[in-house]
Amino acid sequence: MIYLTLFLEFFKMGLFTFGGGYAMIPLIEETVLRYGWLTEARFSEMLGVCESTPGPVAVNMATYIGAVQGGFLGSLVATLGVVLPSFIIIVLIAAILKNFTDHPIFKGFVRGVQPVVIGLILSTGVILFAKALGYVSLTEFKADWISVIIFALLIGIYWLALKVFKKKLSAIQLILISAGLGLGVNFCFWA
Amino acid sequence: MLELFWTFFKIGLFTFGGGYAMIAQVKETIVEKKQWMTEEEMVQMLAIAESTPGPIAINMATYVGYKRRGIWGSAVATCGVVLPSLVIIYVISLFLDAFMQFRLVAWAFTGIKCAVAFLILRAGYGLFKKLPRKILPMSMFVIVMGIMLAMELFSVSFSSVFLILMGGLIGIVVYGIVGAKKEGVK
C-alpha cells in the first residue's frame, strides 16, 4: 500500500530531523534510494527545483515524491506525514509542556543531536559534490569536465560577490546563476 | 481565522530557499505588522522551533496559530503555509518529465546540480561554525562524517535515524545527567 508507506516514511522523517529542512535532506535521499522512488540524478535535480520554488524544502520534496509515487493523493499523504510530527509536538509544547524545552534532559538530547546532524548535512554535501564532478564508485571516477568548469565559475562568482560587492548570494540567486552557467558551458562544449 | 490562514499562505508563497529565509519574513509580519507577538515571544518561539523536529517554518506556523486561536488556529496556519508548496510542486511534478526532454532544460540542470551541492555545503558549514569547539561535539561530528563517507564508498546503507538517536542519547547522558549533577554540586 503505497499511501501508507509514503505516510509512514515521511512521518518518520518529520519526527527525527532536528534543525530544519536541510537536516532532512540526507534522510530523504536515503529513503528515496532505498525504495527506488527516484534515481539519484533526479533526486538532485529535484532538490534544485525545491530550493528555487517557494516554501520549506522538506515540504516541497515530500509533495514531489508523493506525486511521483501516488499522484495527487500521494502528494497529500506524504506532505501530511512530514508535517504531522511538527504539528503534534508544537501543539503539545504550546499547550501543556510550556517549560519542556528548558528541561536538562531535553537540552542534552538536542546538544547531542546537533553534531550528528551537521555531520549528516556536510557528508551529503560532499557526496553530492563528488558525484557531480564524476565520482561513480570506489574504483571508478569519470571526470565530468562540464561540471568541473561550472563549479569553478560558480565558486568564483560567489566569492567575487562576497568580497567585492559585499553581498551574500541567496539560494535562488545561486540557482539562477548556475542554470545560466549550465546553459553557457554546455553550449560551448556542444558548439 | 481567515486572516491567520491568509497571513501564513502569503508567507508560504513568498519565501524562497527554505525555512531559514522564512524566519525574517515571519518576524516582519507577525511582530512588526500584525503585532501578534512581542519580540521576546518571537525569540522564545524560535528557540522552540529550532530545537524540535521538523521544518522550522511548520513549527513556527503551528506555534503562532496555537497562540492566536488554539488547536484550530494552528491547523489553519499550518495548512496555509503548506498549501502554496503543495500546489506549485504538484503542478511541476506533472510536467517535469516532459520538460526534462528539452536539451536546454537538461543543460540548465547540470548547472543547478552544482548549485545544490554548493548550497548544502554552505548550509552545513554555517552550522559547523556555530558548533562548540570542544572535544565531544567535534569527535562526534568527525565520527558521523567518517561513517557516512565510508558507507558511501563501500555502498553500505544504514539508517541515519540510528545515528541521530545515538547522538541524542550521548547528549542526554553527558549534558543532561552528568552536567546537571555537576551544577547541583556547585
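Predicted model, so just to flag it, every value in this text is computed and none were measured. (Residues numbered from 1 in each chain as written. Chains lettered and ligands numbered in written order. Predicted model: local features only at pLDDT ≥ 70, side-chain atom pairs only at ≥ 80, totals over all residues. Heavy atoms only, no water.)

Counting its secondary structure elements, chain B contains seven helices and zero strands. On the principal axes, the C-alpha backbone points of chain B span a range of 55 × 50 × 25 Å. By the burial criterion, 47% of the 186 residues in chain B qualify as buried. Sequence-distant contacts, at least 24 apart, represent 47% of the contacts inside chain B between residues at least 6 apart. For chain B, the distance from the average site of its 17 positive side-chain charges to the average site of its 10 negative ones is 5 Å. (Helix = DSSP H or I, 4+ residues; strand = E, 2+ residues; numbered from the N terminus. Buried < 20%, exposed > 50% of the residue type's maximum accessible area, 1.4 Å probe, protein only. Contact = heavy atoms within 4.5 Å. Lys, Arg positive; Asp, Glu negative; His and termini not counted. Charge placed at Lys NZ, Arg CZ, Asp CG, Glu CD.)

Here we come to the overall build of chain A. Looking only at helices and strands, one finds seven helices and two strands in chain A. Beginning at the N terminus, the succession of helices and strands in chain A can be written as α-α-α-α-α-β-β-α-α. Along the longest, intermediate and shortest principal axes, the C-alpha atoms of chain A span 65 × 45 × 35 Å. Per-residue burial for chain A yields a buried fraction of 54% across its 191 residues. Of the roughly 8000 Å² of accessible surface on chain A, a fraction of 73% belongs to carbon and sulfur atoms. (Areas by Shrake-Rupley, 256 points an atom, 1.4 Å probe, with all protein chains shown as cover.)

Moving on to the pattern of salt bridges. Residue and element names in this part refer to chain A. With the rule as written, the count across this model stands at eight salt bridges over all chains. Between K12 and E9 there is a salt bridge, and its shortest N-O distance comes to 3.7 Å. Residue K12 and its partner E9 are both found in helix 1 (residues 2-16); the two are separated by three residues, about one turn of the helix. Accessibility expressed as a relative area gives 29% for K12, which makes it partly exposed. A residue is classified by how much of its surface remains accessible, and E9, at 7% relative accessible area, is buried. A salt bridge links E45 to R42; the nearest nitrogen and oxygen atoms lie 3.0 Å apart. (Salt bridge = Lys/Arg side-chain N within 4 Å of Asp/Glu carboxyl O.)

In this section: the domain arrangement of chain B. Segmenting chain B into domains produces domain 1 (1-105) and domain 2 (126-186). Between the C-alpha centres of domain 1 of chain B and domain 2 of chain B the distance comes to 30 Å. (Domains from an automatic or database assignment.)

At the junction of the two partners, chain B supplies 89 residues and chain A supplies 98 residues. Taken together, the two surfaces of chain B and chain A that pack against each other cover about 8500 Å², and 79% of this comes from carbon and sulfur. At the junction of chain B with chain A, the criterion picks out two salt bridges. Joining chain B to chain A, the criterion identifies twelve residue pairs in polar contact (both at pLDDT 80 or more). Breaking the side of chain B that touches chain A down by element, the ones donating at least two residues are helix 1 (2-14), helix 2 (19-33), helix 3 (39-51), helix 4 (56-100), helix 5 (103-130), helix 6 (135-153) and helix 7 (160-185) of chain B. (Buried area = accessible area lost by both parts, 1.4 Å probe. Polar contact = N/O pair within 3.5 Å; in protein donor to acceptor, adjacent residues only side chain to side chain.)

On to the side chain of R42(A). Among the structural elements, R42(A) can be located in helix 3 (residues 40-52). Judged by relative accessible area, which is 15%, R42(A) ranks as buried.

Moving on: the side chain of N186(A). Structurally, the position occupied by N186(A) is in helix 7 (residues 171-190). Setting aside anything within four residues of it in sequence, one finds N186(A) in contact with I146(A), L181(A), W107(B) and T110(B).

Here we come to a nonpolar patch on the surface. A cluster of nonpolar side chains, I105(A), I170(B), V173(B), V174(B), I177(B) and V178(B), forms an exposed patch at the surface whose accessible area comes to about 410 Å². No other element matches helix 7 of chain B, which puts five residues into the nonpolar patch. Following the sequence through the fold, V178(B) ends up in helix 7. Relative accessible area serves as the criterion here: at 42%, V178(B) is assigned to the partly exposed category. (Patch = residues over 30% accessible without salt bridge, like charges linked within 9 Å, V, L, I, M, F, W, Y side chains within 5 Å.)

For the rest of this paragraph, the subject is the domain arrangement of chain A. Domain parsing of chain A yields domain 1 (2-128) and domain 2 (144-191). On a C-alpha basis, the centres of domain 1 of chain A and domain 2 of chain A stand 28 Å from each other.

Here we take up helix 5 (residues 104-133) of chain A. Residues that lie three or four places apart on an α-helix share one face, since the helix turns once every 3.6 residues. Across its 30 residues, helix 5 of chain A extends 44 Å between first and last C-alpha, which sits within 8% of the 44 Å expected from 1.5 Å per residue. A positive backbone phi angle near 130° is found at G134(A), which sits one or two residues after helix 5 of chain A. (Expected span 1.5 Å × (residues − 1).)

Before going further, it helps to examine the packing of aromatic side chains. Overall, the coordinates contain 14 aromatic pairs over all chains when judged by the stated rule. Ring plane angle 65° and centroid distance 5.4 Å describe the contact between F18(A) and F109(A), whose orientation is recorded as edge-to-face. Here F18(A) is found in the loop between helix 1 and helix 2 (21-35), whereas its partner F109(A) is found in helix 5, with 91 residues between them in sequence. F18(A) sits in the buried class, given a relative accessible area of 11%. Ring geometry for F5(B) versus F9(B): centroids 5.9 Å apart, planes at 25°, classification stacked. Of this pair, F5(B) and F9(B) both sit in helix 1, four residues apart, which is roughly one turn of that helix. Under the relative-accessibility criterion, F5(B) is labelled partly exposed at 21%. According to the relative accessible area criterion, F9(B) is buried, its value standing at 18%. Linked through ring pairs, F187(A), W190(A) and W107(B) together constitute an aromatic cluster. Sitting over the face of the ring of Y175(B), R111(A) holds its NZ or CZ atom 3.8 Å from the ring centroid. (Phe/Tyr/Trp six-rings, centres within 6.5 Å; stacked < 30°, edge-to-face > 60°. Lys NZ or Arg CZ within 6 Å of the ring centre and 35° of its normal.)

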